[in-house]
Amino acid sequence: MNVLPGRLVKDLRTGRVGVVQLDQGKSVLMTCPGTALPPWSCPKELLTLASPDDRAALRLNPHGSRQ
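All of these numbers come straight from a predicted model, not from anything done at the bench.

Cut-off values and rules
- Counting of residues starts from 1 at the beginning of each chain's written sequence and follows it residue by residue.
- Local features in this predicted model are restricted to residues of pLDDT 70 or higher, and side-chain atom pairs are both shown and tallied only at a pLDDT of 80 or more, whereas totals for entire chains, interfaces and linings draw on every residue.
- Only hydrogens and water are set aside when side-chain values are computed; all heavy atoms of the structure are taken into account.
- Take a side-chain nitrogen of Lys or Arg and a carboxyl oxygen of Asp or Glu: if they are within 4 Å of each other, that pair is a salt bridge.
- Under the scheme used here, helices are H or I runs from DSSP no shorter than 4 residues and strands are E runs no shorter than 2 residues, and both carry numbers assigned from the N terminus.
- Summary of the burial criterion: residues with accessible area below 20% of their type's maximum are buried, those above 50% are exposed, and those between are partly exposed, where the area comes from a 1.4 Å probe applied to protein chains only.
- Per-residue confidence from the predictor is given as pLDDT, running between 0 and 100.
- DSSP-based pairing: two strands are paired if at least 2 bridges between them are found.
- Here an angle of 0 to 180 degrees is reported between the N-to-C directions of two axes, which are lines fitted to C-alpha atoms, with helices fitted over the stretch in contact.
- We define a polar contact as two N or O atoms separated by no more than 3.5 Å, with the added condition that, inside protein, one atom must be a possible hydrogen donor and the other a possible acceptor, whereas residues neighbouring each other in sequence contribute only through side-chain atom pairs.
- Whether two residues are in contact is decided by their heavy atoms, any of which lying within 4.5 Å being enough.

S.K.: Hey, could you run me through the pattern of salt bridges in this one?
M.R.: Taken as a whole and assessed by the stated rule, the structure comprises 3 salt bridges. Of the charged contacts, one joins K44 and D23 as a salt bridge, the two residues approaching to 2.9 Å between their closest N and O atoms. Here D23 lies in strand β2 (residues 17–23) and K44 lies in the loop between β4 (40–43) and β5 (47–49), a separation of 21 residues in the sequence. Classification of D23 as partly exposed rests on a relative accessible area of 34%.

S.K.: Mind showing me how you'd approach the confidence of the model for the chain here?
M.R.: The predicted coordinates ought not to be read in detail in places where the model reports low pLDDT. Here the chain averages 88 in pLDDT, while 93% of its residues score no lower than 70. Within the chain, no element has a lower average pLDDT than helix α1 (residues 52–57), which sits at 86, and none a higher one than β4, at 96.

S.K.: I'm lost on the pairing of strand β3 (residues 27–31) in this one. Help?
M.R.: It is a general feature of regular strands that their side chains alternate between the two faces of the sheet. The buried fraction of β3 amounts to 4 of the 5 residues, a majority that puts the element mostly inside the structure. With 4 bridges joining them, β2 and β3 adopt antiparallel strand pairing. Along β3, the bridge assignment pairs D23 with V28. Here β2 folds back onto β3 in antiparallel fashion, the turn holding 3 residues, of which G25 has a positive phi close to 90°. Sheet analysis places β3 next to β4, joined by 4 bridges and oriented antiparallel. Across the sheet, residue L29 finds its bridge partner in β4, namely S41.

S.K.: I tried to follow the sheet that holds strand β1 (residues 8–11) on my own but got confused; where do I start?
M.R.: Adjacent strands of a sheet pair through backbone hydrogen bonds, lying either parallel or antiparallel. A sheet is described by the order of its strands in space; here 5 strands give the open sequence β4-β3-β2-β1-β5, paired in antiparallel fashion. Looking at which strands have only one partner, the edges of the open sheet turn out to be β4 and β5. Here the average twist between neighbouring strands, direction ignored, is 50°.

S.K.: I keep staring at the side chain of T31 and nothing clicks. Help me out?
M.R.: Along the polypeptide, T31 turns up in strand β3. Side-chain polar atoms of T31 contact the side chain of Q21, separated by 3.0 Å. When residues no more than four places from it in sequence are discounted, the contact partners of T31 are G18, V19, Q21, P39 and W40.

So, in structure tokens, the structure goes:
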């Protein structure tokens, strides 16, 4: 998966949804804005794009509008 910084993704290990901050080759550094969670690293093979339900839970447009 090509993971660009700023992309909203879900870590399948932890179930957390976060924003990709840095591509580290085989893994990415993620943060969860608006929380006190520290940044964490996740292997790319354990990432999936955030679902509409994940986006709605964060009060974002479920369809991913870039407006």
